[in-house]
Amino acid sequence: MIELILGGARSGKSRHAEQRVLQTGKHPVYIATATAGDEEMRQRIARHRQQRGAGWRTIEQPLLLAEALQQADQADACILVDCLTLWLSNCMLAEDPALWSQQQAALLACLPALKADVILVGNEVGQGIVPLGEINRRFVDENGRLHQQLAQIAGRVTLVVAGLPLTVKPQQGNPA
Amino acid sequence: MIELILGGARSGKSRHAEQRVLQTGKHPVYIATATAGDEEMRQRIARHRQQRGAGWRTIEQPLLLAEALQQADQADACILVDCLTLWLSNCMLAEDPALWSQQQAALLACLPALKADVILVGNEVGQGIVPLGEINRRFVDENGRLHQQLAQIAGRVTLVVAGLPLTVKPQQGNPA
Amino acid sequence: MIELILGGARSGKSRHAEQRVLQTGKHPVYIATATAGDEEMRQRIARHRQQRGAGWRTIEQPLLLAEALQQADQADACILVDCLTLWLSNCMLAEDPALWSQQQAALLACLPALKADVILVGNEVGQGIVPLGEINRRFVDENGRLHQQLAQIAGRVTLVVAGLPLTVKPQQGNPA
């Protein structure tokens, strides 16, 4: 079962996603795409880690998401990817200009075959004024397209508002 | 029947709107408010046109939207306006400072009398940080007010998230 | 009964909140957190005041929100706070760097004990590109966290889109 959880910045989407993982009763795995590049980010990461509590296996992988998923894949695991948007950003800022399209294709190819449950967290960034700069517009475009593609294959899609889940695509397939 | 379809940038709102048009079984008409001012825009327009496929009558009209609607109005037509936000932007950037309020009034006046079904696509731009600059704030204001006014007269309002429709105003009047 | 009404800029959230207040049949009280710092803001305030009409008691309080609520608290009153986001902004821009956390704690402490109905209006600002500047990111963070905390204690949470209410948390406790 693949679940997509979207929300704005500081909407409570990560916390909601962590609760969903724990509800499955499976072994929780956390794939962190953030990198502690500066002090502000270090504090965010530490706060998230503290919120999650013990019992989670953590994999840090800013770029090669499909590889990390395959590495953690087990039928009794529920893998949380937090978050897609940082992963996109990391890939777009990488030196290799083809990295993003390769990594995106690898993710979409690997997801249907995974034995684990997977919960993917993404940041809504397209509901403000479209920012200046081609890179910003491309980022909004790629993020939105990725969410659309994942929403197609997800068995459940949720938008988190003020920490509360709004159902966008009701659960399909096996209940969790 | 008038339908309003809202969504952020790259939310899949255009594609959803096109599917809604085709579901009516009526002759599809596309009113494009975009103008191919630069290469980036030309590519976006070409991609949208390719997605739609053949069979659509296309009218390009960046400013005089009410006139374009009246020109295309037939009982067996379903007219897609894509999108309101570019039309607002075109009108606000026009030399005549009164153009926007004139065009907005003309749209609101003509809609109830049309024989065709009309599906209007608009961009949510007000859920980010309010950007600096009076023109940006005015743009957010006018866009939001337009959506509110159209939502009042629409028989159905939808917010598209990751390509999926969230019902904001359930269908009223004749089913389509 | 505490109700949280969220929405983007110019989403119609204030008008919807005013209607909710009037539906209670209680004495309407308006706590305005805006300050008429410039001509643009003066016009916005005047337009909102005109929309509300007569019959409202108005309290202007840009910073000390908990005090204003306690001052207006009566069992036969329904108090509208419009809006939380300007209040946050006023507190964050104040000279005293501890003011925001003090005022936030005071609000969360006083709300459960109030006899009046309270309707709180907040601005969604986190669904666009995260803006540059630490102050902007902190603003988005604090605004989002405040909404999450209030959504926990609110008996009803609504997201306003194009003037129409989307239910995020259905009404709980006594109906109004």
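It should be noted that the structure appears before, not after, this text.
Residues numbered from 1 in each chain as written. Chains lettered and ligands numbered in written order. Predicted model: local features only at pLDDT ≥ 70, side-chain atom pairs only at ≥ 80, totals over all residues. Heavy atoms only, no water.

## Digging into the interface of chain C and chain B
In this assembly, 24 residues from chain C lie in contact with 22 residues from chain B. Contact between chain C and chain B buries roughly 1,800 Å² in total, counting both sides, with carbon and sulfur atoms accounting for 60%. Interface area lost by chain C to chain B is led by Arg10, Ala162 and Leu164 of chain C, which between them contribute 32%. At the boundary of chain C with chain B, the tally comes to 1 salt bridge. When the shortest N-O distance is used, the salt bridge between Asp141 of chain B and Arg10 of chain C registers 3.2 Å. Connecting chain C to chain B are 6 residue pairs in polar contact (both at pLDDT 80 or more). Taken together, the elements giving at least two residues each to the side of chain C that touches chain B come down to helix H2 (39–52), helix H6 (134–153) and strand E7 (164–169) of chain C. Broken down by class, the residue content of the side of chain C that touches chain B amounts to 10 nonpolar, 9 polar and 5 charged. (Contact = heavy atoms within 4.5 Å. Buried area = accessible area lost by both parts, 1.4 Å probe. Salt bridge = Lys/Arg side-chain N within 4 Å of Asp/Glu carboxyl O. Polar contact = N/O pair within 3.5 Å; in protein donor to acceptor, adjacent residues only side chain to side chain. Helix = DSSP H or I, 4+ residues; strand = E, 2+ residues; numbered from the N terminus. Nonpolar A, V, L, I, M, F, W, Y, C, P; charged D, E, K, R; others polar.)

## Details of empty space enclosed by the protein
Evaluation of the coordinates by the stated rule reveals 6 cavities of 30 Å³ or more. Looking at the largest cavity, its volume works out to about 110 Å³. Around the largest cavity sit 16 residues that line it, and Glu124 and Gly144 of chain B together with Ala9, Arg10 and Ser11 of chain C are the ones nearest its centre. For the lining of the largest cavity, the secondary structure elements donating two or more residues are helix H6 (134–153) of chain B together with strand E6 (156–161) of chain C. The element best represented in the lining of the largest cavity is H6 of chain B, accounting for 5 residues. In terms of residue class, the lining of the largest cavity is built from 6 nonpolar, 8 polar and 2 charged. (1 Å grid on protein atoms, 1.4 Å probe; cavity = no way out; pocket = protein on both sides within 12 Å on 5 of 7 lines; lining within 4 Å. Points joined across faces, edges and corners; volume = space filled by probe spheres on them.)

## Remarks on helix H3 (residues 65–72) of chain A
Residue and element names in this part refer to chain A. For H3, the complete set of buried residues consists of Leu65, Ala66, Ala68, Leu69 and Ala72. All buried residues of H3 fall inside an arc of 160° around its axis, so they share one side. Turned more than 90 degrees away from the buried face of H3 sit Glu67 and Gln71, all of them exposed. Looking at the buried side of H3, the elements it contacts are strand E2 (27–32), strand E3 (57–60), strand E4 (77–82), helix H4 (84–93), helix H5 (99–110) and strand E5 (117–123). (Buried < 20%, exposed > 50% of the residue type's maximum accessible area, 1.4 Å probe, protein only. Arc of directions from axis to C-beta.)

## Describing the packing of aromatic side chains
As enumerated under the stated definition, the model contains 6 aromatic pairs over all chains in all. Between the aromatic rings of Trp87 of chain C and Trp100 of chain C, the centroid separation amounts to 4.9 Å while the plane-to-plane angle is 70°, which identifies the pairing as edge-to-face. One end of the pair, Trp87 of chain C, is in helix H4 (residues 84–92); the other, Trp100 of chain C, is in helix H5 (residues 99–110), with 13 residues separating them in the sequence. With relative accessibility at 0%, the residue Trp87 of chain C sits in the buried group. It is Arg52 of chain B that lies over the ring of Tyr30 of chain B; its NZ or CZ is 3.4 Å from the centre. (Phe/Tyr/Trp six-rings, centres within 6.5 Å; stacked < 30°, edge-to-face > 60°. Lys NZ or Arg CZ within 6 Å of the ring centre and 35° of its normal.)

## Things to note about the relation of the copies chain A and chain C
Turning chain A through 120° and shifting it by 0.0 Å along the axis lays it on chain C, with an RMSD of 0.0 Å. Such a combination of rotation and displacement between the chain copies is what one expects of a three-fold axis. Taking the C-alpha atom as reference, chain A places Gly128 of chain A closest to the rotation axis, 2.3 Å from it. (Least-squares fit on C-alpha atoms with pLDDT ≥ 70 in both.)

## So, the environment of Leu4 of chain C
All names here are of chain C. Turning to its location among the elements, Leu4 is positioned in strand E1 (residues 2–7). Among the residues examined, Leu4 registers a relative accessible area of 0% and is labelled buried. In this structure the C-alpha to C-alpha distance between Leu4 and Gly25, which are 21 residues apart in sequence, comes to 18 Å. Discounting chain neighbours no more than four positions away, the residues touching Leu4 are Leu84, Leu120, His147, Leu150, Ala151, Ala154, Arg156, Val157 and Thr158.

## Side note on the nonpolar core
If you look at the biggest cluster of nonpolar residues, it comprises 131 residues, and the most contacted ones within it are Leu69 and Leu84 of chain A, Leu69 and Leu84 of chain B together with Leu69 and Leu84 of chain C. For Leu84 of chain B, the residues in contact, after removing those within four places along its chain, are Leu4, Leu65, Leu107, Leu120, Val121, Gly122, Leu146, His147 and Leu150 of chain B. (Core = buried A, V, L, I, M, F, W, Y, C linked by side-chain atoms within 4.5 Å.)

## A word on the pattern of salt bridges
Opposite charge on two side chains makes pairing possible when the charged atoms of those side chains draw close. All names here are of chain A. All told, the structure shown has 27 salt bridges over all chains when counted by the stated rule. In this structure, Arg49 engages Glu60 in a salt bridge whose closest nitrogen and oxygen atoms are separated by 3.3 Å. Here Glu60 lies in strand E3 and Arg49 lies in helix H2 (residues 39–52), a separation of 11 residues in the sequence. For Glu60, a relative accessible area of 53% corresponds to the exposed category.

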